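So you can see what is in the structure, the chains are spelled out below.
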Amino acid sequence: MPDEQTVSIDGVDYNPADFTPEQVQLVNHVSDLDGQIRRVAMQMEQAQVARSHFMAKLKETLNDDKE
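It should be emphasised that the depicted structure is a prediction, and the values quoted were computed from it without experimental measurement.

*Asks:* Explain the overall build of the chain residue by residue, including any values.
*Replies:* The helix and strand tally for the chain stands at one helix and two strands. Shown N-terminal to C-terminal, the secondary structure of the chain runs as helices and strands in the order β-β-α. The C-alpha atoms of the chain give a radius of gyration of 23 Å, which is well past the 11 Å a tight globule of 67 residues would have. Each principal axis of the C-alpha atoms in the chain carries an extent, and together these give about 75 × 25 × 20 Å. Burial status across the chain gives 4% buried among its 67 residues. For the chain, the exposed surface amounts to about 6400 Å²; the carbon and sulfur share of it is 56%.

*Asks:* For unusual backbone geometry, give the residues involved together with the corresponding values.
*Replies:* If you check the backbone angles, Asp10 has positive phi at about 55° while not being a glycine. If you trace the backbone, Asp10 turns up in the loop between β1 (7-9) and β2 (12-14).

*Asks:* How would you summarise the packing of aromatic side chains if you had to cite specific residues and measurements?
*Replies:* Counted by the stated rule, this structure contains one aromatic pair. Ring centres of Tyr14 and Phe19 lie 6.3 Å apart, and the angle between their planes is 50°; this geometry places the pair in the tilted category.

*Asks:* Can you explain a negative patch on the surface? Please cite residues and give values.
*Replies:* On the surface, Glu60, Asp64, Asp65 and Glu67 cluster together to form a negatively charged patch. Checked against the element boundaries, Asp64 lands in helix α1 (residues 21-66).

*Asks:* Summarise a nonpolar patch on the surface; cite the residues concerned and give the values.
*Replies:* Among the surface-exposed residues, Ile9, Val12 and Tyr14 lie close enough to one another that they form a single nonpolar patch of about 240 Å² accessible area. As for its placement among the helices and strands, Ile9 is situated in strand β1. Overall, Ile9 belongs to the partly exposed group, its relative accessible area being 40%.

*Asks:* An account of the environment of Ser31 is requested, with residue identities and associated values reported.
*Replies:* Within the secondary structure, Ser31 sits in helix α1. For Ser31, a relative accessible area of 46% puts it in the partly exposed group. Expressed as a C-alpha distance, the spacing of Ser31 and Met55, which sit 24 residues apart in the sequence, is 36 Å.

Quick notes on the rules
The residue numbers shown here count from 1 along each chain, following its written sequence. The predicted nature of this model means local features are confined to residues of pLDDT at least 70 and side-chain atom pairs, given and counted, to a pLDDT of 80 or more, with totals for whole chains, interfaces and linings taken over all residues. With hydrogens and water stripped out, all remaining heavy atoms of the structure feed into the side-chain values. Note on conventions: DSSP H or I runs of at least 4 residues are helices, E runs of at least 2 residues are strands, and numbering of each starts at the N terminus. With the radius of gyration taken over C-alpha atoms, the globule rule is written as 2.2 Å times the number of residues to the power 0.38. Each residue's exposure class comes from its accessible area (1.4 Å probe, protein chains only) as a fraction of the maximum for that residue type: buried when under 20%, exposed when over 50%, partly exposed otherwise. Areas reported as accessible are Shrake-Rupley estimates using a 1.4 Å probe. Residue values count occlusion only from the protein chains shown. Working definition: rings of Phe, Tyr and Trp (its six-membered ring) pair if their centres are within 6.5 Å, and the pair is stacked with planes under 30 degrees apart, edge-to-face with planes over 60 apart, and tilted otherwise. Patch definition: residues above 30% relative accessible area lacking any salt bridge, with like charges linked at up to 9 Å and the nonpolar side chains Val, Leu, Ile, Met, Phe, Trp and Tyr linked at up to 5 Å. Each reported salt bridge corresponds to a side-chain nitrogen of Lys or Arg within 4 Å of a carboxyl oxygen of Asp or Glu. Only four residue types enter the tally: Lys and Arg on the positive side, Asp and Glu on the negative side, with His and both chain ends excluded. To locate a charge, take NZ of a lysine, CZ of an arginine, CG of an aspartate or CD of a glutamate.

Any link to function would need more than the numbers given here.
Here it is as structure tokens:
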């Protein structure tokens, strides 16, 4: 017996085979947006690390100017 795919929403499992075409499209949108959110979160983390690096380099050059 193959594993049946389910979609869990607020702790309730649904069988996608029972979804209307509109519901399938909405699930696809939510899934795609979840992926976008993960990518943007990773990009934000990378940008914060890069900013910290460049700020540290800037401070280093400012301290060099004082010497």
